[in-house]
Protein chains: 4
Amino acid sequence: MYEHLTTIRVRYAETDQMGIVYYGNYAQYFEVGRAESIRNLGFTYKKMEEIGIKMPVVNMEVKFIRSAMYDDLITVKTILKEVPTDHSITFFSEVYNEMNKLLTTGVVTLYFLDASTGKKIGLPDALKNVLQPFFSED
Amino acid sequence: MYEHLTTIRVRYAETDQMGIVYYGNYAQYFEVGRAESIRNLGFTYKKMEEIGIKMPVVNMEVKFIRSAMYDDLITVKTILKEVPTDHSITFFSEVYNEMNKLLTTGVVTLYFLDASTGKKIGLPDALKNVLQPFFSED
Amino acid sequence: MYEHLTTIRVRYAETDQMGIVYYGNYAQYFEVGRAESIRNLGFTYKKMEEIGIKMPVVNMEVKFIRSAMYDDLITVKTILKEVPTDHSITFFSEVYNEMNKLLTTGVVTLYFLDASTGKKIGLPDALKNVLQPFFSED
Amino acid sequence: MYEHLTTIRVRYAETDQMGIVYYGNYAQYFEVGRAESIRNLGFTYKKMEEIGIKMPVVNMEVKFIRSAMYDDLITVKTILKEVPTDHSITFFSEVYNEMNKLLTTGVVTLYFLDASTGKKIGLPDALKNVLQPFFSED
């Protein structure tokens, strides 16, 4: 398993007139969590695109448990439970507030696509190499 | 069952550098679909808040099948499969492009809350009255 | 002079916890106004990009006079005061609510760029041809 | 004069299909810059609202010089040139990329309003007290 924590300060723009973060904006928090978790491995999603791989989202499930509020310093925990074995990767996200209360959980699945052909491909070596150490048996 | 169709023109702001609509923005399309489906019943979500009811989202599931593109005139089909029997309501959404291809499906569940107490309440009469005719047996 | 009106329903997502439309979201309303004003001429911004022209924004000025609120059906008036004579085009926008009160004014200037070279170019013929009739002397 | 620097990582959500940050999203970067510059004084915009003061934006001017790109670690410099002497405050913003190139400049003016009456008020003491030291003559 590979886990990574990143913090985000909630912007005024992200709130709505209910006085809480608009439900659609958590997708951005999950995105930031994914990007920072990959950066922490010594790779970046930006480089992924530069080597010709696109990663569109194909599925998202979100549970909204408590509300995030303006100016909250939230923590996004991003979890990879296994090394992808096919053309998709699934990130589990948990969003916590400063009192360590769980606000939201998310499960987001993305495909690996060859940007030039648009076809599905397996886990790119560049990502596999940095992920493998976290999942080796011994 | 109650179904309603509404159309939305995809904005440039809603695209990302992959050249497609950013995955987080479908939550807004679903929101527009819900709001217009309620308006079509002769009620509005705005009035719901004015009579003291808040409806936070508690769950969302989205499948991304095909991409929506800039300037697409998408159709959001919003479906209520049953009259709510407790403190929650579930909207099913389907997003189609101009070739009538299914792009995205969404399932969004919201709670009915008393805005002054924050407590869950049952289906408000104002909504029940306009919904009932679509679900009567005969 | 060329003027065009388009209407937009304010989304919940576009409000903030002050209970009004977040100031940054007017840029999207201006964008919709520009796109629809060009579509009304029988051309589209989408086609502009397809024939190899990009139009990045280089300047924006916004005055916020009154607030737009959730569910308001706002009208965006988009005005072209003159046919561009160089590599830039300036759109004047006025946003009104349903009581015809002026909410916001915007002035947005964009460049015409050749997408392949990134260099500034003059007013594209495709746009000039549809604009000219509105500015002819007699 | 009071200046403050804060950094922001550009999100994928903030890009558009031109491959650059959508022009409307800079308003959010300016907002983050303002919020962090106030936090750095030992106060917060959140507390401002808690003591009954709202600060709606009344004017914004933005010059777009170079594009910010996905994953750029941009720096927002937020500048207060003078202590407000009436019911408004003006923040000057400059956005730089990692090569220290100036991307964007912004000038945003906000009003101080009494949240309960909606009337304009002068500079709140809570903000004046923390700002004054930066503007004293000697």
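Quick look at the structure, then. Here the structure is a predicted model, which means the values were calculated and not measured.

Conventions and cut-offs
Residues numbered from 1 in each chain as written. Chains lettered and ligands numbered in written order. Predicted model: local features only at pLDDT ≥ 70, side-chain atom pairs only at ≥ 80, totals over all residues. Contact = placed C-beta atoms within 7 Å. Helix = DSSP H or I, 4+ residues; strand = E, 2+ residues; numbered from the N terminus. Nonpolar A, V, L, I, M, F, W, Y, C, P; charged D, E, K, R; others polar. Pairing = 2+ DSSP bridges. Axes fitted to C-alpha atoms, helices over the stretch in contact; angles between N-to-C directions.

**Focus: the interface of chain B and chain A**
Item 1. Taken together, the contacts link 16 residues of chain B with 16 residues of chain A.
Item 2. Residue assignment for the side of chain B that touches chain A shows that the elements contributing at least two residues are helix 1 (26-39) and strand 3 (57-64) of chain B.
Item 3. Broken down by element, the residue count for the side of chain B that touches chain A peaks at eight residues, all from strand 3 of chain B.
Item 4. Its residues assigned to classes, the side of chain B that touches chain A comprises nine nonpolar, four polar and three charged.
Item 5. Where strand 3 (residues 57-64) of chain A and strand 3 of chain B come together, five bridges link them in antiparallel fashion. Its bridge partner lying in strand 3 of chain B, A:Asn59 is registered against B:Lys63.

**What to know about the sheet that holds strand 1 (residues 2-9) of chain C**
Pairing between the strands of a sheet is mediated by backbone hydrogen bonds and can be parallel or antiparallel.
Item 1. If you trace the 10 strands from one edge of the open sheet to the other, you get 1(C)-4(C)-5(C)-6(C)-3(C)-3(D)-6(D)-5(D)-4(D)-1(D), paired in antiparallel fashion. What marks the edges here is a single partner per strand, and that holds for strand 1 of chain C together with strand 1 (2-9) of chain D. The average angle at which neighbouring strand axes cross in this sheet is 15°, direction not considered.
Item 2. The sheet contact formed by strand 4 (residues 73-80) of chain D and strand 5 (residues 88-96) of chain D spans five bridges and is antiparallel. Bridging across to strand 5 of chain D, D:Ile79 finds its partner in D:Phe92.

**Describing the sheet that holds strand 5 (residues 88-96) of chain B**
Item 1. With respect to topology, 10 strands assemble into an open sheet ordered 1(A)-4(A)-5(A)-6(A)-3(A)-3(B)-6(B)-5(B)-4(B)-1(B), the strand pairing being antiparallel. Unpaired on one side and paired on the other, strand 1 (2-9) of chain A together with strand 1 (2-9) of chain B mark the two borders of the sheet. The sheet shows a mean angle of 15° between the axes of neighbouring strands, taken without regard to direction.

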